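Chains, contacts and geometry: an overview
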Amino acid sequence: MTASATVIVVLAAALIVVATLWARAASARARLERAASSLDALNQISRVLLTERNRRGVLGLVAEAAARFLEADMGHVALLDSEGKHLVLEAGTGPLAPLVGSAISPDATTSGWVVAHGQPLVVNDPAGDARRFRSPHERVTLRRAVALPLIVRGRCVGALGVDNPRDQRILTDADTDLLRNLADHTGLVLESIRAVGELADRERRAELLNAVNSRVRQSLDLQTTLDAAVRELGSALGASRCFVRLRRGNELLPPASEWHGPEVASGGSRPDFTLPILLTAMRERRTIDLPDARGEPGLAVTGADAEQPLALLVTPIVLRTEAIGVVAFHQAGMARPWRQEEIGLVQEVASELAVAVSNARLYRSTEETSRELAVKIGELERANRMKAQFLANMSHELRTPLNSVIGFSEMLLIGALGQLSDPQRDALETVARNGRHLLGLVNDVLDLSKVDAGRMDLHLMQTDLRSLIGDVITGMESLIQTKGHDVTVELGDAPLLVNADEMRVRQVLFNLLSNAVKFTPANGQVTVHAGQRRTTLPVGTGRRIEREAVWVSVTDSGIGIAKEDLPRLFTEFSQVDASFSRRFEGTGLGLAQSKRVVEMHGGTIGVESTPGRGSTFWIELPIEGPQPGAALG
């Protein structure tokens, strides 16, 4: 061998060594990069855990990291449900993303095998494997897969899997080791967020119940309440469709309210083949949950239609032991196990909806009664207006002949037609006196009928009550002297000016003073007080405001009034039936008329009395007069 040949051999050997070292370095570098990527993913998950309470959000990050580690089409995390009966896809990437939340077959999938055996699994030839593993997605062919158990407190609660790496290499134990740290950390994460998740579930449940309860109590409109309930429930459970159907006889009416997700159409657009289940839940008053309705007797479920419900949850709405409807949920396009927490939440909301239905029915009944009552009140008001109009007309008709009788009587009494004998004079004085009394009665009836008919107008002006009180007492001087009463007037120093109808207020004061004088035994005491103060007065119907007012009270030492008789004092044609009072003439209209006038001015009138010790009648009139736009009378 020549020297040059030797050199070539040596160089070739050196190149082989360099290539081998380079390959080993590249492999080591790749392992380091994967390890760094794994550590970075674990750090990301730890950071998310500090701020994210959504378990699926954290597990979605785990699935993405696992798929990235092995450069695969799909990464996924499947967990057992709270009862340990069903395996649920909690996170998935690629084609598996739309199936998150659906059930996974425990028999034909790598996740199901891992959960059942609690051991890692590597599958490089699914077609040649006797276990015939398939992808969780029925339309995806499984080429290669690796899955590891997720261990929490020594128990396997789920599986972390990666399906279909994009390169053609064979999966080895090194790939399993690469995912093992991620699986171990995910187990710790699951345990850490379990308590947080339980607390979050309780908070969400409480918030949803509070929202529905608030809606039930805020609104008596059943449609509003049902719409809010199905919207909140459908969103909270992540269902495809949520609806309420109410009962009529032994059947269920079409949905009274429905909510559906964007992936499905309204259930009202097609026949509801789940109706037999709804009727069963209603008649037996029990909740029915079907994770997968395929193969359920009496239900034609094929699963070929993406909008066809494969999972069903139905809870009866029970009101006083009677089922009055159902709340139902559809999960379209995939099977779904219903968690016990979800079922309990729906049952609690169904109880609130029973209250809402009861309240709505009661409200509707009350509305119907109110409408009937409003019609009857309208008829009574019309009859009252007709009565008032009749009284007004009759009063006008009666005053003409009465004035004639009074006028001719007074002419005869003054001797216009000759001298009268004493018996004739006594008879004519009786006729004139009774005529004037009857005319006063007719005038009172006319005033009341005007108020009732809304035809009495107030002529407001600046009125001095101090002067009016003096005028009224002066006009009654002869009656006061006849009874021998001592009348005391205490008006204070404050101005007693009000914006009022002077003639009407004069009549009110006259009524109060004349009653005090008339119903007080001889040589009694009558006291008139007046002043100005700030008080609350009515404005319209049911409202009161604080206003400046002038008040007047008339106190007597008369017979007094029993407590049970006080409510009748201000009623038309009503008198207290005491033997003493019946000795005096009276129409029972004076106080009723006074009450109407005072209220037209925006004021109040009242009485305080003790039998045998006297009475105090008082009025309050606002200084600025009636409130503009206020209801009068």
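Residues numbered from 1 in each chain as written. Predicted model: local features only at pLDDT ≥ 70, side-chain atom pairs only at ≥ 80, totals over all residues. Heavy atoms only, no water.

**A look at the overall build of the protein**
What counts is decided by this rule: Runs of H or I in DSSP of at least four residues are treated as helices and runs of E of at least two as strands, each being numbered from the N terminus. Categorising residues by exposure relies on relative accessible area from a 1.4 Å probe, with only protein chains included: less than 20% of the type maximum marks a residue as buried, more than 50% marks it as exposed, and the intermediate range marks it as partly exposed. The criterion used for residue contact is that any of the two residues' heavy atoms lie within 4.5 Å.
Scanning the protein for helices and strands turns up 12 helices and 19 strands. Here the protein holds 633 residues, and 43% of them are scored as buried. In the protein, of all internal contacts separated by at least 6 residues, the share reaching a separation of at least 24 is 67%.

**Some remarks on the nonpolar core**
We count it as follows: The criterion is simple. A nonpolar core is a set of buried Ala, Val, Leu, Ile, Met, Phe, Trp, Tyr and Cys residues joined through side-chain atoms within 4.5 Å.
Core analysis: the largest hydrophobic core is formed by 35 residues, its most contacted members being Leu465, Ile469, Leu509, Leu513, Val552, Phe617 and Ile619. Put simply, the parts of the chain that give this core at least two residues each are helix H9 (465-475), strand E15 (497-501), helix H11 (502-518), strand E16 (525-538), strand E17 (544-556), helix H12 (590-600), strand E18 (604-610) and strand E19 (614-622). Tallying contributions element by element places H11 first for this core, with seven residues. Sequence-distant contacts of isoleucine 619, that is, excluding residues within four places in its chain, are made with Val508, Leu509, Leu512, Val550, Trp551, Val552, Val598, Thr604 and Ile605.

**Some thoughts on the sheet that holds strand E14 (residues 486-490)**
Put simply, the test is: Strands were regarded as paired on the criterion that DSSP finds at least two bridges between them. All axes here are fitted lines through C-alpha atoms, helices being fitted over the stretch that makes contact, and every angle between N-to-C directions spans 0 to 180 degrees.
Judged by pairing direction, the sheet is mixed, and its five strands sit side by side in the order E14-E16-E17-E19-E18 without closing on themselves. Only two strands of the sheet have a single partner each, and these edge strands are E14 and E18. Put simply, the sheet's adjacent strands are angled 25 degrees from each other on average, direction ignored. Pairing of E16 with E17 involves 13 bridges; the strand directions are antiparallel.

**What about the packing of aromatic side chains?**
To keep it simple, the criterion reads: Here a Phe, Tyr or Trp ring, Trp counted by its six-membered ring, pairs with any other such ring whose centre lies within 6.5 Å, and the pair is stacked when the planes are under 30 degrees apart, edge-to-face when over 60, and tilted otherwise. By definition here, charges over rings are those cases where NZ of Lys or CZ of Arg is within 6 Å of the ring centre and within 35 degrees of the ring normal.
Counting across every chain of the model gives one aromatic pair. Note on phenylalanine 329 and tryptophan 338: the rings are 6.4 Å apart at their centroids and 50 degrees apart in plane angle, and the pair reads as tilted. For the pair formed by phenylalanine 329 and tryptophan 338, the shared burial category is buried. The side chain of arginine 131 reaches across the aromatic face of tryptophan 113, ending 5.2 Å from its centre.

**Re the packing of H9 against H11**
The test is simple: Roughly parallel refers to an angle under 35 degrees, roughly antiparallel to one over 145, roughly perpendicular to one between 65 and 115, and oblique to any angle outside these ranges. The crossing is said to be left-handed when, going from far helix to near helix, the turn is anticlockwise and less than a right angle, and right-handed when the turn is clockwise. Under the scheme applied, nonpolar residues are Ala, Val, Leu, Ile, Met, Phe, Trp, Tyr, Cys and Pro; charged residues are Asp, Glu, Lys and Arg; polar residues are all the others, including Gly.
Running from amino to carboxyl end, H9 crosses H11 at an angle of 50 degrees, the nearest separation of the two axes being 10 Å. The orientation of H9 with respect to H11, classified from their angle, is oblique. Our pair here, H9 against H11, has a crossing hand that is right-handed. Where H9 approaches H11, its residues Leu465, Leu468, Ile469, Asp471, Val472 and Ile473 are matched on the opposing element by Glu502, Val505, Arg506, Leu509, Phe510 and Leu513. Taken together, the residues of the contact of H9 with H11 break down into nine nonpolar, no polar and three charged.

**Structural notes on the packing of H11 against H12**
At their nearest, the axes of H11 and H12 sit 9 Å apart, and the two run at 145 degrees to each other. Helix-helix and strand crossings are classified by hand; for H11 and H12 the assignment is left-handed. Together, Arg504, Gln507, Val508, Asn511, Leu512 and Asn515 of H11 and Gly590, Leu591, Gln593, Ser594, Val597 and Val598 of H12 make up the contact between the two elements. In terms of residue class, the contact of H11 with H12 is made up of five nonpolar, six polar and one charged.

**Focus: the environment of tryptophan 551**
By the element assignment, tryptophan 551 lies in strand E17. The spacing of tryptophan 551 and arginine 534 is 17 residues in sequence and 9.9 Å in space, taken between C-alpha atoms. Beyond its immediate chain neighbours, meaning those up to four positions away, tryptophan 551 contacts His529, Ala530, Gly531, Gln532, Arg533, Ile619 and Glu620.

**So, the pattern of salt bridges**
Note the threshold: The term salt bridge refers to a pairing of a side-chain nitrogen on Lys or Arg with a carboxyl oxygen on Asp or Glu at a separation within 4 Å.
A full pass over the atoms with the stated rule returns 19 salt bridges. Arginine 143 is the salt-bridge partner of aspartate 73, the closest N and O atoms lying 3.4 Å from each other. Highlighted residues: aspartate 73 in strand E1 (residues 72-80) and arginine 143 in the loop between strand E4 (121-123) and strand E5 (145-152), separated in sequence by 70 residues. Two residues, aspartate 177 and arginine 180, come together in a salt bridge whose shortest N-O distance is 3.6 Å. Taken together, the residues aspartate 177 and arginine 180, both in helix H4 (residues 173-218) and three residues apart, mark about one turn of the helix.

**Re the pairing of E17**
Strand direction decides the pairing type here: E17 and E19, joined by seven bridges, are antiparallel. The residue of E19 that forms the bridge with serine 553 is tryptophan 618.

**Describing the pairing of E16**
Both E14 and E16 contribute to a ladder of five bridges, which runs parallel. In the sheet register, glutamate 490 faces E16, and the bridge partner there is histidine 529.

**Some words on the sheet that holds strand E2 (residues 87-92)**
Pairing is antiparallel in the open sheet, where six strands are placed in the order E3-E2-E1-E6-E5-E4. With partners counted over all chains shown, the strands left at the sheet margins are strand E3 (103-104) and E4, one partner each. In the packing of helix H2 (residues 55-69) onto the sheet, contacts are made with E1, E2 and strand E6 (155-165), and the angle to E1 comes to roughly 140 degrees. Relative to the sheet, helix H3 (residues 110-117) contacts E1, E2, E4, E5 and E6, its axis offset from that of E6 by approximately 150 degrees.

**Structural notes on the environment of leucine 290**
Along the chain, leucine 290 falls in strand E10 (residues 288-290). Of the residues examined, leucine 290 reaches a relative accessible area of 10% and is grouped as buried. Leucine 290 sits 21 residues away from alanine 311 along the chain, and the two C-alpha atoms are 5.5 Å apart. Apart from residues no more than four positions distant in its own chain, leucine 290 is found in contact with Ile277, Glu296, Leu299, Leu310, Ala311, Leu312, Arg336 and Trp338.

**Some points on H3**
Of all eight residues that make up H3, six are buried, and the element is covered over most of its length. Among all positions in H3, only Thr110, Ser111, Gly112, Trp113, Val114 and Val115 are buried. Where H3 is buried, its residues contact E1, E2, E4, E5 and E6. Residue glycine 118 follows H3 closely and has a positive phi angle near 70 degrees.

**Considerations on the environment of isoleucine 288**
Mapping isoleucine 288 onto the fold places it in strand E10. A sequence separation of 10 residues divides isoleucine 288 from leucine 278, and the C-alpha atoms of the two residues are 8.5 Å apart. Setting aside anything within four residues of it in sequence, one finds isoleucine 288 in contact with Ile277, Thr280, Ala281, Leu312, Leu313 and Val314.

**A short note on H11**
An α-helix turns once every 3.6 residues. As a result, residues three or four positions apart point the same way. As a reminder, the rule being used: Between the first and last residue of a helix there are one fewer steps than residues, each counted as 1.5 Å, and that sum is the expected span. Identification of polar contacts relies on pairs of N or O atoms within 3.5 Å, with a donor-acceptor requirement for protein atoms, meaning one able to donate a hydrogen and the other able to accept it, and with residues adjacent in sequence counted only if both atoms are side-chain atoms.
Compared with an ideal rise of 1.5 Å per residue, which puts 17 residues at 24 Å, H11 spans 24 Å between its outermost C-alpha atoms and is within 8% of the ideal. Considered for burial, the residues of H11 that qualify are Arg504, Val505, Val508, Leu509, Asn511, Leu512, Leu513, Ser514, Asn515, Ala516 and Val517. The residue sitting at the N-terminus of H11 and contributing the capping side-chain oxygen is aspartate 501; that oxygen lies 3.2 Å from the backbone nitrogen of methionine 503.

**Here's the deal with the confidence of the model for the protein**
Low pLDDT means the predicted coordinates in that region are not meant to be read closely. Rules: Scored from 0 to 100, pLDDT records how confident the predictor is in each individual residue.
Considering every residue of the protein, the mean pLDDT works out to 81; 81% of them sit at 70 or more. Predicted confidence is poor over residues 577-584, with pLDDT under 50, and the contacts of this stretch with residues over four places away or in other chains come to 13 contacts.

**Some words on the side chain of asparagine 511**
Counting through the fold element by element, asparagine 511 comes out in helix H11. Setting aside chain neighbours within four positions, we find asparagine 511 in contact with Gly590, Gln593 and Ser594.

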